[in-house]
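One-letter residues, chain by chain:
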Amino acid sequence: MNAAPSMLELVVASASALTPAIKAFVLRSANGEALPPFEPGAHLGVQVMQPNGQAGQRAYSLARPHGAPDRYEIAVLHEPDGAGGSAWMHGLAEGARVLAQAPRNDFALRRGEAAPLLIAGGIGITPLLCMARALAAEGQAFEFHYATRSPEATAYLEEVRALGGRVVHDGGDPARGLDLRALLAVPVPGRHLHVCGPRGLVQAVVDTARAQGWADDHVHFELFAGALAQAGDAAFEVRTLRSGHLLTVPPGRSLLDVLIAAGLDPLYDCRQGDCGVCAVDVVEGVPDHRDHNLSPREKADGRTICTCVSRARTPQLVLDL
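A quick note: this is a predicted structure, and the numbers were derived from the prediction, not measured.

*Asks:* I'd like a description of the pattern of salt bridges, backed by residues and values.
*Replies:* Taken as a whole and judged by the stated rule, the model has 14 salt bridges. One salt bridge connects aspartate 320 with arginine 242, and the closest N-O pair in it is separated by 2.9 Å. Within this pair, whereas aspartate 320 is found in the segment after strand E18 (316-319), its partner arginine 242 is found in the loop between strand E12 (236-240) and strand E13 (246-249), the two being separated by 78 residues in sequence. According to the relative accessible area criterion, arginine 242 is exposed, its value standing at 62%. One connected set of salt bridges, linked through shared partners, spans Arg64, Glu73, Arg133 and Glu159.

*Asks:* Any chance you could break down helix H5 (residues 199-211) for me, citing the residues and the numbers?
*Replies:* With 13 residues, H5 should reach 18 Å at 1.5 Å per residue; the first-to-last C-alpha distance of 18 Å fits that figure. Taken residue by residue, H5 has Leu201, Val202, Gln203, Val205, Val206, Thr208 and Ala209 as its buried positions. Residues of H5 that are buried in the fold lie against strand E7 (117-121), helix H4 (180-183), strand E10 (193-197) and strand E11 (219-223). Glycine 213 sits one or two positions beyond H5 and adopts a positive phi of about 95°.

*Asks:* For the layout of surface pockets, give the residues involved together with the corresponding values.
*Replies:* For the largest pocket, the calculated volume is near 1,200 Å³. As for the largest pocket, its lining consists of 46 residues, of which Leu77, Gly121, Ile123, Gly197 and Pro198 are closest to the centre. Residue assignment for the lining of the largest pocket shows that the elements contributing at least two residues are strand E4 (55-61), strand E5 (71-77), helix H1 (85-90), strand E8 (143-148) and H5. When its residues are assigned to classes, the lining of the largest pocket shows 22 nonpolar, 16 polar and eight charged.

*Asks:* Describe the nonpolar core, listing the residues and the values that go with them.
*Replies:* With 24 residues, the main nonpolar core has Leu118, Ile125, Leu128, Phe144, Tyr146, Tyr156 and Val160 as its most contacted residues. Those elements that place two or more of their residues in this core are strand E2 (22-29), E7, helix H2 (125-137), E8 and helix H3 (157-162). With residues up to four places along the chain from it excluded, the contact list for phenylalanine 144 reads Leu118, Ile125, Leu128, Leu129, Ala132, Val160, Gly164, Gly165 and Arg166. Of all hydrophobic cores here, the second largest spans 22 residues; its members include Leu8, Leu44, Tyr60 and Met89.

*Asks:* Describe the sheet that holds E10, and please don't skip the residues or the numbers.
*Replies:* In spatial order, the strands read E9-E8-E7-E10-E11; together these five strands make up an open sheet with parallel pairing. Two strands close off the open sheet at either side, each with one partner strand: strand E9 (166-169) and E11. Each strand of the sheet is rotated relative to its neighbour by a mean of 15°, with strand direction disregarded. Across four bridges, the pairing between E8 and E9 is parallel. By the bridge assignment for E9, tyrosine 146 is matched with valine 167. Sheet strands in contact with H2 are E7, E8, E10 and E11, and its direction is about 150° off that of E7.

Calculation notes
- Residues numbered from 1 in each chain as written.
- Predicted model: local features only at pLDDT ≥ 70, side-chain atom pairs only at ≥ 80, totals over all residues.
- Heavy atoms only, no water.
- Salt bridge = Lys/Arg side-chain N within 4 Å of Asp/Glu carboxyl O.
- Helix = DSSP H or I, 4+ residues; strand = E, 2+ residues; numbered from the N terminus.
- Buried < 20%, exposed > 50% of the residue type's maximum accessible area, 1.4 Å probe, protein only.
- Expected span 1.5 Å × (residues − 1).
- Contact = heavy atoms within 4.5 Å.
- 1 Å grid on protein atoms, 1.4 Å probe; cavity = no way out; pocket = protein on both sides within 12 Å on 5 of 7 lines; lining within 4 Å.
- Points joined across faces, edges and corners; volume = space filled by probe spheres on them.
- Nonpolar A, V, L, I, M, F, W, Y, C, P; charged D, E, K, R; others polar.
- Core = buried A, V, L, I, M, F, W, Y, C linked by side-chain atoms within 4.5 Å.
- Pairing = 2+ DSSP bridges.
- Axes fitted to C-alpha atoms, helices over the stretch in contact; angles between N-to-C directions.

Function cannot be read off these values alone, since they describe shape.
In structure tokens, the structure reads:
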């Protein structure tokens, strides 16, 4: 791989199995220089090779705080039904070279007057473990809960317990998992909730927190696929300027899926708002940005939309398609 000027050149210092499906990777600077610092909750945009031979980008949360300036730690879940990026990552051995964008943080640890509440599900443990490690190193109090299917599927199990975390195995049945109503029953002033994991868990945590009276600006979440349904999501129209289609995007369905169903053959890759491959120009209307790729300035300008996760704030969008 040839590195673009903005890409970091990294080498795999170690690759170790945490579970049958999850591997941890320690990535060092390939040239020995200090790597860009980051705060807990940040992710690394790693360039992966896909089965079609083309490069893609995947976001992997950094699992260890920036204590050693020459290395990063990530953990990757192998997804057999995915687009091939995780399989490529699992094929990397010690000494392999990888390229990555510098860390970016869309899920920063919020510190208030009360101890933060951390909730993780599955591979969503990675950013929350980074937060817990940082808080523990600072001697700060926090509450930590971690839901997985089984002990065998639980990455970092013993360390989470050593950090005071409560681990629940639900066997794939959410009814046997965390008691969210009890956990979120009484919002504490100044307490921030952070949750990351599968869509079902994150949606349940966010919905329960809202129902229990948590303030929206104290509820923080990150998904590894797609975007959460949000209260008030409504259908909107999309007019494609060059191809002349007028399409309706209903609640619960992505703009990208509607474009594909209409036969427009749009570009896309990650389907989770990370890579920016699906971004198209907006001619009219106001996007409701839910991606992790566009910069704050690009989102404020409203001239581009990532079709895989974002929606519309106006009844209609006109796209340059």
